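A structural walkthrough
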Amino acid sequence: MTNAEIRAFLEEAIKDNSVMLFMKGTPDQPACGFSLRTSAALNSLGVKYAALDILPDPRIRQELSAISEWPTIPQLFVDGKLVGGCDIVTEMYESGELADLLGVEQPADEPEAPVHGGAGDEQPASSPPLGIENRLS
Amino acid sequence: MPTADELKTRIEQAIPGAQASVEDLTGGGDHFRAEVVSDRFDGLSRIDQHKLVYDVFGEEVGGPIHALSLKTSTPGGN
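Being a predicted model, the structure only gives us computed values, none of them experimental. (Residues numbered from 1 in each chain as written. Chains lettered and ligands numbered in written order. Predicted model: local features only at pLDDT ≥ 70, side-chain atom pairs only at ≥ 80, totals over all residues. Heavy atoms only, no water.)

Some points on the overall build of chain A
For chain A, the helix and strand inventory stands at 5 helices and 4 strands. Element order for chain A, N to C, with α for helix and β for strand: α-β-α-β-α-β-β-α-α. Here chain A holds 137 residues, and the buried ones make up 48% of them. Restricting to contacts in chain A with at least 6 residues of sequence separation, those with at least 24 account for 63%. (Helix = DSSP H or I, 4+ residues; strand = E, 2+ residues; numbered from the N terminus. Buried < 20%, exposed > 50% of the residue type's maximum accessible area, 1.4 Å probe, protein only. Contact = heavy atoms within 4.5 Å.)

Concerning the environment of Val-47 of chain A
Turning to its location among the elements, Val-47 of chain A is positioned in the loop between helix H2 (33-45) and strand E2 (50-53). On a C-alpha basis, the gap between Val-47 of chain A and Gly-103 of chain A in space is 9.1 Å, while along the polypeptide they are 56 residues apart.

Comments concerning the sheet that holds strand E2 (residues 31-37) of chain B
Residues and elements named next belong to chain B. Taken together, 3 strands build an open sheet; the order of strands is E1-E2-E3 and the sheet is mixed. Of all strands in the sheet, those with a lone pairing partner are strand E1 (19-24) and strand E3 (67-73), marking the two edges. With direction set aside, neighbouring strand axes in the sheet form an average angle of 15 degrees. Relative to E3, E2 is paired through 7 bridges, and the arrangement is parallel. When the sheet's bridge partners are listed, His-31 is paired in E3 with Ala-67. Of the strands in this sheet, E1, E2 and E3 are in contact with helix H1 (residues 4-14), which crosses E1 at around 155 degrees. (Pairing = 2+ DSSP bridges. Axes fitted to C-alpha atoms, helices over the stretch in contact; angles between N-to-C directions.)

With respect to the interface of chain B and chain A
Contact residues are listed per partner, giving 17 residues for chain B and 18 residues for chain A. Buried surface at the junction of chain B and chain A, both sides included, amounts to about 1500 Å², of which 57% is carbon and sulfur. Across the pair Arg-46 of chain B and Glu-91 of chain A runs a salt bridge whose closest N-O atoms are separated by 2.7 Å. The tally of links between chain B and chain A comes to 5 residue pairs in polar contact (both at pLDDT 80 or more). For the side of chain B that touches chain A, the secondary structure elements donating two or more residues are E2, helix H2 (46-57) and E3 of chain B. For the side of chain B that touches chain A, a count of residues per class yields 7 nonpolar, 6 polar and 4 charged. (Buried area = accessible area lost by both parts, 1.4 Å probe. Salt bridge = Lys/Arg side-chain N within 4 Å of Asp/Glu carboxyl O. Polar contact = N/O pair within 3.5 Å; in protein donor to acceptor, adjacent residues only side chain to side chain. Nonpolar A, V, L, I, M, F, W, Y, C, P; charged D, E, K, R; others polar.)

Digging into the packing of helix H4 (residues 86-95) of chain A against H2 of chain B
In the contact formed by H4 of chain A and H2 of chain B, the axes pass within 11 Å of each other and the chain directions differ by 150 degrees. One way to sum up the angle between H4 of chain A and H2 of chain B is to call them roughly antiparallel. The two elements H4 of chain A and H2 of chain B meet at a crossing, and its hand is right-handed. In this structure, H4 of chain A uses Asp-87, Ile-88, Glu-91 and Met-92 of chain A to contact H2 of chain B, whose residues at the interface are Arg-46, Ile-47 and His-50 of chain B. Residue composition of the contact of H4 of chain A with H2 of chain B, by class: 3 nonpolar, 1 polar and 3 charged. (Parallel < 35°, antiparallel > 145°, perpendicular 65-115°, else oblique. Left-handed = near helix turned anticlockwise from the far one by under 90°.)

Description of helix H1 (residues 3-16) of chain A
Residue and element names in this part refer to chain A. With 14 residues, H1 extends 20 Å between its outermost C-alpha atoms, agreeing within 8% with the 20 Å of an ideal straight helix rising 1.5 Å per residue. All of the buried residues in H1 are Ile-6, Leu-10, Ala-13 and Ile-14. Burial along H1 is one-sided: seen end-on, the buried residues are contained in an arc of 95 degrees. Looking at H1, the residues exposed on the side facing more than 90 degrees away from the buried face are Ala-4, Lys-15 and Asp-16. (Expected span 1.5 Å × (residues − 1). Arc of directions from axis to C-beta.)

Notes on the confidence of the model for chain B
When pLDDT is averaged along chain B, the result is 93; 97% of the residues meet or exceed 70. Confidence estimates for the predicted assembly give a pTM of 0.81 and an ipTM of 0.83. (pLDDT = per-residue confidence, 0-100.)

Concerning the packing of H1 of chain A against helix H3 (residues 58-68) of chain A
When two helices pack together, their arrangement is given by the angle between the helix axes and by the axis-to-axis distance. All names here are of chain A. Packing of H1 against H3 brings their axes to within 9 Å, and their N-to-C directions diverge by 60 degrees. With respect to H3, the axis of H1 lies oblique. Considering only the axes of H1 and H3, their crossing is right-handed. Taking contact as the criterion, the partners of Asn-3, Ile-6, Arg-7, Leu-10, Glu-11 and Ile-14 in H1 are, on H3, Arg-59, Ile-60, Gln-62, Glu-63, Leu-64, Ala-66 and Ile-67. Across the contact of H1 with H3, the residue classes tally to 7 nonpolar, 2 polar and 4 charged.

What follows is the structure in structure tokens.
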């Protein structure tokens, strides 16, 4: 595939899918904690969305960032427009704006996006350290 | 390798009047979180607010700065 073909494919994906998530890994197997949190927010709202793993070819990310003028992954597009990455999507999920934007009900008793699924190779750096007890001191 | 202080200085120089606090989340110089307050964000969507900050670092974000988590606001609130 040429770069131009990749770009055309991405533009098509954004146009054809009203909720389009570009991520590292897949919703079932996110390969990065930020992608995990973003797809978890969508999962907990119960919306249907398309997801594309950007990892198989580095040019996917290059071309995507050229289209969106957004440097990082994940990227969520709704109705052809960039909504944001993990920070913005999480903030909008917590405030209920994401549910409004997607036209769904906010789950009543889940203020935080539940995180589930396989562990990626990288967790959000702000998450607490894994359950390793320090017994050295 | 960039430091949190360096990122703070660069944000505050590039966005006049901005107040930034930057944290190196892992201590490894590649995962940062920045909270930036500036009246330049007034009237901008979150996307455009974050883009203003990302633009300070250009291609370093996603490169040496592996992750830059952002929270932006205006002095009077959001």
